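# Breakdown of the fold
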Amino acid sequence: MPEMIATRELTLAQAVREALAEEMRRDSTVCIFGEDVAEAGTPFKVLSGLVEEFGTNRVIDTPISEAGFTGVAVGAAMTGMRPIADIMFGDFLTLVMDQMVNQAAKVHYMSGGKWKVPMVMRTTLGATRRSAAQHSQSLHAWFSHVPGLKVVLPSTPYDAKGLLKTAIRDDNPVVFFEDKMMHHKLKGPVPVEEYTIPFGVADIKREGDDITLIGTSSMVQIALGAAELLAEAGISAEVVDPRTTWPLDEKTLIDSVKKTSRAIVIDEGYGRYGVTSEIAAVIAQGAFYDLDKPVMRMGAMHVPIPFSPPLEDLTVPTEKSVFEAAQALCR
Amino acid sequence: MPEMIATRELTLAQAVREALAEEMRRDSTVCIFGEDVAEAGTPFKVLSGLVEEFGTNRVIDTPISEAGFTGVAVGAAMTGMRPIADIMFGDFLTLVMDQMVNQAAKVHYMSGGKWKVPMVMRTTLGATRRSAAQHSQSLHAWFSHVPGLKVVLPSTPYDAKGLLKTAIRDDNPVVFFEDKMMHHKLKGPVPVEEYTIPFGVADIKREGDDITLIGTSSMVQIALGAAELLAEAGISAEVVDPRTTWPLDEKTLIDSVKKTSRAIVIDEGYGRYGVTSEIAAVIAQGAFYDLDKPVMRMGAMHVPIPFSPPLEDLTVPTEKSVFEAAQALCR
Amino acid sequence: MTTAIGKEKLLRMYRQMVSIRLFEEQVNELYTRALMPGLAHLYIGEEAVAVGICEALRSDDYITSTHRGHGHCLAKGAAPDRMFAELLGKRAGYCKGKGGSMHIADPDTGNLGANAIVAGSVGIATGAAFSSKHLGNGRVAVCFFGEGALGQGVVYEEMNLAQLWKLPVIYVCENNLYTEYTHFSETTAGDILQRATAFGVRAERVDGQDVRAVYSTANELIERARRGDGPAFLLCDTYRYTGHHVGDINRDYYRAKSEEQHWKSDRDPIKIFTEHLISEKIAEQTSLEKIQTEVATQMKSAVEFAVNAPYPGAEEVDQDVYA
Amino acid sequence: MTTAIGKEKLLRMYRQMVSIRLFEEQVNELYTRALMPGLAHLYIGEEAVAVGICEALRSDDYITSTHRGHGHCLAKGAAPDRMFAELLGKRAGYCKGKGGSMHIADPDTGNLGANAIVAGSVGIATGAAFSSKHLGNGRVAVCFFGEGALGQGVVYEEMNLAQLWKLPVIYVCENNLYTEYTHFSETTAGDILQRATAFGVRAERVDGQDVRAVYSTANELIERARRGDGPAFLLCDTYRYTGHHVGDINRDYYRAKSEEQHWKSDRDPIKIFTEHLISEKIAEQTSLEKIQTEVATQMKSAVEFAVNAPYPGAEEVDQDVYA
Ligand SMILES: Cc1ncc(C[n+]2csc(CCOP(=O)(O)OP(=O)(O)O)c2C)c(N)n1
Ligand SMILES: Cc1ncc(C[n+]2csc(CCOP(=O)(O)OP(=O)(O)O)c2C)c(N)n1
Ligand SMILES: [Mg+2]
Ligand SMILES: [Mg+2]
C-alpha cells in the first residue's frame, strides 16, 4: 500500500461492503443476487446496509437456487448488467459449475469474442468454523483450472477492496473468494481515497532473504505469523501473496525464490491437484537452478473436513506448522 | 500384462463392455444408469448388447437429468446396489459435482465410516472430435482434487478392462474416464481369462533411460508414439502411466525420473492447476536431487476448446510436440 | 381423515415429541453455555411432523434428513446420548464426531444421514427407494426437506425419476414459512402441491402441528408406496419457534413476534396433542407429566454423557476417508 | 385462435421456412460429402416453430438456442453464408470458426447463442429478461429448448425466478417426441404444461407444424411479457424428420419408419402452410416456387462462400479467451 495516504482500520467485511457500495453508486448496472443478501445482509452480515441504500431491485434476495440465479447473472451480464452472484458457502459452488464453466467461462470465446460476461461471483472458503465437511471447503483450484475465468483471493481488507472493485469493472467472469473466518476477525488499514488493484500482480507482504512463503487468502496471515516466529529464530522469511491465481504473477514468485532459494506454498484448498501443485510446479521450473531444497507444499489435509474441533484443527496449516516446516527447510 | 496368456485384440469400447458384462453377471446388484444406455448402447455405442442380456431393469435409460440419476446412484450404492452412472460427455460433470463431491465423496467420512458408496461414474474426456468447447473437456483434475473419490484413467483396452472391474468392486465412489477418441480407434490385446488391476499401481509402458514421459489416458499413446520417434533420434524414453491419479503411485514415477533425470508430464486436461501440476510437483520434490532439467508439463492449451479443426489441433499435445519437447530437454 | 391409533402408539408419539422438544432445549443450552462447537438448527415447533411420519415407518425403512435434522433422527430411533456426543464432536457420537449436528447418520435406524446441502439428500432417498424396489425388500424411503429446498432443481429431477420408475419414496416438505431469513412467499411462485402433481406424483397437504393427521396421511402414502403404487409428496404446514439457528436471536427484521406467539400459543403440536389425549381420556395429565419428567431425566444424563465423553484421537483424522 | 397476418409477413414466413429447410439439406450434403467437421443436428420438420416465434419478435429481442439451433438462428435473422462458414470452422463464420454448429451467436440479431448443454441457456435467457426489465428497454427473451431439457432441474429454478420477478421471457419447449434415441414418454412423467403452471407461469400448447398458430400464440405471449405481465411457457408439438444428428441413419430401433412417414406426408409445416397460402389465395404456386428457387440459389452460393473461405490463423487460437 502506498504511504502517506489517509486510512482507516476496516474489517475484511467492511472493506468488501465499501467496494460494493462504491461500485453500485458509480454504475447503476451493478446488482447483487443471492440468498438472504437484502434485509439479512447475508448470514455473514457482509452486505448489511446495502439494500437500504440501493433497494431490493439491486440487492436481490433469491430462492435457494444457486444454479438458477447464477444463470440469470450470466445472461444479465451479457445484456448490459454487471451482476454479482453471492454464493454463501464456497461448498455450494458444486451447484453452479455448469453456469460458470460451460457457460460464463466460454461465452466470449465460443462467440468469437462477440458476447462478454462481466460478472463477479463472490463466495467463501476456509475451515475451522466447526461447520463440517459440506461447509468448509476451499474450491478455488477448480476455477483456476478453467480458462475464461479469473480467480481472486484477497488476504487483507486493503486487497479485498481494491481487487473487488477491479473484479466488478472487469469484462470477464471473476470468481472472488473470501475467507469466512476473516470477515470480522481481520482488520487492516484501508485508504479513504478510491483505489483499485490490478489482477495478476503479486504482493510482497513482507521482505526476507532466507525462505519464501507463498500464501493465499488467510494463509497469507498464517505465513506472516510464521514469519514472525521465524524472525525470532533468526530466519528471514519473505511472504508473497499472488492475490490472483489466474492471472498468476509467475515472475514475482519466481524472482523471490531465486533470491531466497527455498519456498513453501501455503493454501487452504486441498494440497492434491490444487493451487499448491501449480505454484510449486511453476517455481520448481522457473527457479530450478536456484532452489536449494525442493519446494514444499502445505494445503488442507486430504480428508473431508471433520466437525470435531480437535480433528478439524489438524487439517489446515497453522503458524506453528508453517514455522516448523520452514525451520526444517532452512536447516 | 503377464506373458503366456491367451489374448484377443479388443477395442477400448469392447474391453469396457466386457468388464461391465462380466461384473453384471457376477453380481446382480450392478446396474447402469444413463441417457440412451439401453437400446442405443450410448451414443458412443460402448454398451451395445448389454440391455439385451441384462434387461431394462439393470441397464436403465434415464431422462436428461445428470444430477438426478447420479443422486439415485449415490443412494442406491448406500443401500445395497453397485450402480454405474454413465455421464456421456465429461463436460456434463459440471452438473453432478454436488452429488459426487458433497455427497458421494463425503458420506463415508461424515458418517464416521458407517455408510459406504460403492458406485462408479463412467465418463469421457478428450478433444479433437470437432465437438467444440462444451463437448471436449477433460475435467479429471477436479475429481482428483477431492478426498473420498478415486480417479481412473485407462490408456489401453487391457487396462480399461482390469481397472473397470476393480472400480466396480471397490467400496468407494470411483470416477472412470475414457477417452472418447480411443473407444473404437484403439485396439490392444486383452486376456481371455479374468483379471483385475489394482488401483495406485503405475505401469511402465515402455522402458528407457534418457527421459521419462509420464502420460495419462490417450496421452500414453501419444507418449509411446513420441518414444518411437525419440528412439529413431537416439533418445531412449521411458513411458510411465500412473493409471489412477488417485491413489497416485508416486514411487514408481519418482523412481523412473531418478533413473532418467528428465521428465515430461503429459495430460489432456488443462495444464494449469491440473494433473500435470500435481505430478510435476511430486516429481520435482521426490527426484529433486536427480533432475538434470526442470520437469516439463504438457496439457491442453489454456483456452476453451475451439471448434475449427486447425485451431483445435493446436490445443492438445501431439506425438510431434512431445517428441520435440523431449528432444530439446535431452539436448 | 384420521384412522384409529392404539393407545400405546399414541403415548409413544407423545414421548417422542417431548423427547425432541427437550433434546433441542438442551442443545440451545449447550450453545448458550458455549459448550457446543459451531451452530445448530432447532426443530422446536415442528415435532409432530417427524414423529407422525416416522411412527408410520418400519424400523428398516429409510429416512434422509436436513440441517434441521435432530428431530428426524430422534423420531427414527436415534439415542439422545450418542446424538449429543456427535453434536459435541465426541468419539462416542453417531459419526465418531466427524459429522456433527448436520450429519447424523445411523444404519441401525435406517438413517441415511442428515445433510447440510439444501435438497442434498433428495437423490439419496430416491436411490434408496430404487434399491428397495430392485432388491424387493419392501422398504420405503422418506426424504425430509424444508420448503426452501423447492428452489433446488434437483428436487424436480428426482420426482420425475421416482414417478417414472414408481419408486417407494415419500418427499416430505416441511413448510415452516421461512428459509433462513426470507418468507417462503418471496421465493416460491405458484403452488407447492402442483409442483409435485405436475410430475404425476401423488401430493397431499396436512396440518403439520397435528401429529395424528400427519401420521394418518403418512401411513396411507407409505403403504401406497410399499404396495408399488409409486412416490408421494407430503406438504406439512409447520413453524420453527426459534431462530434459523441457535445464534439467530434478533428476528424482528424478518418476522413478527406476534406471529411467533400465535404459533406457540395456538398451534403448538405438543399442546394440541396433549389436549386430545386428555379430552379423549387416553391419558391423564399426571401420566403425561411423568413422561415429561422421565424424558427430562434422560436428556440430562445424555448431555452429561456427551460432555464427559472423550474427543476422537488425532490418529482418527485421516481414517474413514476410504472404505 | 389465429389473428390476421398480413400478406407480406406470410410470404416472409414462407421464405424463412424454406430457407431453414434448404439450409439444413445443404448441411446434410456437406456432411455426406465429408466437408463438414464433426456433426450437426438438423431442424428439418420443425421449421414452423422457429419461424412462427421469431416473426413475432422484434429484431432487438433476444433468443437463446440449442444444439439443434440452425433454424432458430436463421429465423432470428442470421445470414446463411456466415452460418455455413461457422459450421465449417472458417474465419468468416459468426464465431470466427471457434463455435461451430452448436454455438452460433450474433449480437446483431439478438442471438445470445446456441448451446450444446441441454437446458444450458435457460439461465442466460432469463438473465437477458432480467436486464430488459432492469434497463427498461422493453425487450423480450425467448428461450428455445427440446422436451429433453425438461429433465434438467435448472429449468424449474429459472421458471420460479422468472415468475417471482415477472420477467419478460418465453420458454419455448419443442416437443419433437425424442431426446436422442428415447421417446419422451419414457423420460417425462406427469403433464408438461403443468410443469410450468405449477410455478404460476402461463402455459400454452400449440400445433408446432402450423406456423400461423405458432405465430399467433407466440405473439400474444410475447406482448403479454412485454407489457410486464410475466413469463410464459409455450409447448410446441413437432417432429424432427431426420436423425438426432446427421450420422443417425438407422433409426429403426427407436422409432418406426411409418411414424416418420406420417409426419412428412400429413404434418409437414411447409406443405400445410403452402396449402393455406394457395387456398386462401395469398400466393400462387408459381410465386412460391420462385421463392424456393431464389432460396436454393442463395444457399448454394452461401455454401460456396463457406467452402472457399479461409480457416482462422494459428495465432487466433488463444485470442478471445478474455475480453
Ligand atoms: C445448496 C444450499 N444453499 C444454501 C444453503 C444455506 N442454507 C442452509 S439452511 C437454509 C435455509 C433452508 O430453508 P428450508 O429448506 O425452508 O429449511 P428450514 O431451515 O426452514 O428447515 C439455507 C439457505 C445450503 N445449506 N445449501
Ligand atoms: C446436459 C446434457 N446432457 C446430455 C447431452 C447430450 N445430448 C445432446 S442432445 C440430447 C437430446 C436432447 O433432446 P431434446 O432436448 O428433446 O432436443 P432435440 O434434440 O429433440 O431437439 C442429449 C441427451 C447434452 N448435450 N447436455
Ligand atoms: Mg423453511
Ligand atoms: Mg426432443
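What you see is a predicted model; the values in this text were computed from it and never measured.

A separate point is the coordination of the magnesium ion (ligand 4). All names here are of chain D. The magnesium ion (ligand 4) binds to the protein through Glu147 (OE), Asn176 (OD1) and Tyr178 (O); the donor distances cover 2.1 to 2.2 Å. Sequence positions of the residues that donate to the magnesium ion (ligand 4) give the spacing E-x28-N-x1-Y. One end of the pair, Glu147, is in the loop between β2 (141-146) and α6 (154-164); the other, Asn176, is in the loop between β3 (169-175) and α7 (192-197), and 29 residues separate them in sequence. With respect to burial, Glu147 and Asn176 carry one shared label: buried.

Below, the discussion takes up the interface of chain D and chain B. Across the contact, 33 residues belong to chain D and 33 residues belong to chain B. Summed over both sides, the interface of chain D with chain B buries roughly 2500 Å², with 66% coming from carbon and sulfur. Between chain D and chain B we count zero salt bridges in total. Viewed at the interface, chain B and chain D are joined by 12 residue pairs in polar contact (both at pLDDT 80 or more). Partitioning the side of chain D that touches chain B into residue classes produces 15 nonpolar, 14 polar and four charged.

Two strands in a sheet stick together by hydrogen bonds in their backbones, pointing the same way (parallel) or opposite ways (antiparallel). All names here are of chain B. Read across the open sheet, the seven strands follow the order β3-β2-β4-β5-β7-β6-β12; overall the sheet is mixed. Edge positions in the sheet fall to β3 (59-61) and β12 (244-246), since each has one partner strand and no second. Taken over all neighbouring pairs, the strand axes of this sheet differ in orientation by 20 degrees on average, direction set aside. Where strand β2 (residues 30-34) and strand β4 (residues 82-87) come together, five bridges link them in parallel fashion. Looking across to β4, one finds that Val30 is bridged to Arg82. On the sheet, helix α3 (residues 66-78) packs against β2, β4 and β5 (120-125) and is oriented at approximately 165 degrees with respect to β4.

Before going further, it helps to spend a moment on the interface of chain A and chain B. Each partner contributes to the interface: chain A provides 52 residues, whereas chain B provides 52 residues. At the boundary of chain A with chain B, total buried surface from both sides reaches about 4900 Å², with 63% on carbon and sulfur atoms. Counting the surface chain A buries against chain B, the share from its top three residues, Trp142, His145 and Tyr273 of chain A, is 19%. Remark: the boundary between chain A and chain B carries six salt bridges. Two residues, Glu250 of chain B and Arg272 of chain A, come together in a salt bridge whose shortest N-O distance is 2.6 Å.

Looking now at the domain arrangement of chain A. Residue and element names in this part refer to chain A. As assigned here, chain A comprises domain 1 (10-191) and domain 2 (203-329). Relative to domain 2, the C-alpha centre of domain 1 lies at a distance of 26 Å. Taken together, the contact pairs 26 residues of domain 1 with 25 residues of domain 2. Interface area for domain 1 against domain 2, summed over the two sides, is near 2100 Å², with a carbon-plus-sulfur share of 56%. Sorting the residues of domain 1 by area buried against domain 2 places Arg130, Leu153 and Ser155 first, and these three jointly supply 26% of that buried surface.

On to the site of ligand 1. Taken together, the neighbourhood of ligand 1 is formed by 22 residues, with Glu66 of chain A together with His67, Arg68, Ala116 and Asn176 of chain C sitting nearest. Site remark: ligand 1 is flanked by residues from chains A and C. Take His67 of chain C: an N or O atom from its side chain is 2.7 Å from an oxygen atom of ligand 1. With respect to ligand 1, the side chain of Glu180 of chain C contributes an N or O atom lying 3.0 Å from a nitrogen atom. A total of 580 Å² of accessible area belongs to ligand 1 in isolation, and the protein chains cover 98% of it. Within the shell around ligand 1, the residues separate by chemical class into nine nonpolar, eight polar and five charged.

Where helix α9 (residues 275-286) of chain A contacts helix α9 (residues 275-286) of chain B, the axes come no closer than 8 Å and their chain directions differ by 55 degrees. Put simply, α9 of chain A runs oblique to α9 of chain B. Crossing of α9 of chain A over α9 of chain B shows left-handed handedness. Counting all contacts with α9 of chain A, which are made through Ser277, Glu278, Ala280, Ala281 and Ala284 of chain A, the residues of α9 of chain B involved are Ser277, Glu278, Ala280, Ala281 and Ala284 of chain B. Of the residues belonging to the contact of α9 of chain A with α9 of chain B, the class tally is six nonpolar, two polar and two charged.

All right, on to the pairing of strand β7 (residues 174-179) of chain A then. All names here are of chain A. Summarising burial for β7: six of the six residues are buried, a large majority. Sheet topology places strand β5 (residues 120-125) next to β7; six bridges connect them, and they run parallel. Paired with Arg122 across the strands is Phe176, a residue of β7. The parallel pair strand β6 (residues 150-152) and β7, bridged by helix α6 (residues 157-169), forms a crossover whose chirality is right-handed.

Moving on to the relation of the copies chain A and chain B. For the pair chain A and chain B, the relating rotation is 180 degrees, the translation along its axis is 0.0 Å, and the fit reaches an RMSD of 0.0 Å. Here the copies are linked by what is in effect a two-fold axis.

Another point: empty space enclosed by the protein. Counted under the stated rule, the structure contains 13 cavities of 30 Å³ or more. Considered as a void within the structure, the largest cavity measures approximately 330 Å³ in volume. For the largest cavity, the lining is made up of 29 residues, of which Ala67 and Leu95 of chain A, Ala67 and Leu95 of chain B together with Glu157 of chain D are closest to its centre. For the lining of the largest cavity, the element with the highest residue contribution is helix α4 (residues 97-110) of chain A, accounting for three residues. A breakdown of the residues in the lining of the largest cavity according to their chemical character gives 14 nonpolar, 10 polar and five charged. Approximately 120 Å³ is the volume attributed to the second largest cavity. Taken together, 16 residues line the second largest cavity, and the ones lying closest to its centre are Val107 and Met110 of chain B together with Leu112, Gly113 and Ala114 of chain C. Here the lining of the second largest cavity is built from residues that sort into eight nonpolar, eight polar and no charged.

Conventions adopted
- Residues numbered from 1 in each chain as written.
- Chains lettered and ligands numbered in written order.
- Predicted model: local features only at pLDDT ≥ 70, side-chain atom pairs only at ≥ 80, totals over all residues.
- Heavy atoms only, no water.
- Donors = N, O, S within 2.8 Å, 3.2 Å for Na, K, Ca; no water.
- Helix = DSSP H or I, 4+ residues; strand = E, 2+ residues; numbered from the N terminus.
- Buried < 20%, exposed > 50% of the residue type's maximum accessible area, 1.4 Å probe, protein only.
- Contact = heavy atoms within 4.5 Å.
- Buried area = accessible area lost by both parts, 1.4 Å probe.
- Salt bridge = Lys/Arg side-chain N within 4 Å of Asp/Glu carboxyl O.
- Polar contact = N/O pair within 3.5 Å; in protein donor to acceptor, adjacent residues only side chain to side chain.
- Nonpolar A, V, L, I, M, F, W, Y, C, P; charged D, E, K, R; others polar.
- Pairing = 2+ DSSP bridges.
- Axes fitted to C-alpha atoms, helices over the stretch in contact; angles between N-to-C directions.
- Domains from an automatic or database assignment.
- Near = heavy atom within 4 Å.
- Areas by Shrake-Rupley, 256 points an atom, 1.4 Å probe, with all protein chains shown as cover.
- Parallel < 35°, antiparallel > 145°, perpendicular 65-115°, else oblique.
- Left-handed = near helix turned anticlockwise from the far one by under 90°.
- Right-handed = clockwise from strand over helix to strand, strands pointing away.
- Least-squares fit on C-alpha atoms with pLDDT ≥ 70 in both.
- 1 Å grid on protein atoms, 1.4 Å probe; cavity = no way out; pocket = protein on both sides within 12 Å on 5 of 7 lines; lining within 4 Å.
- Points joined across faces, edges and corners; volume = space filled by probe spheres on them.

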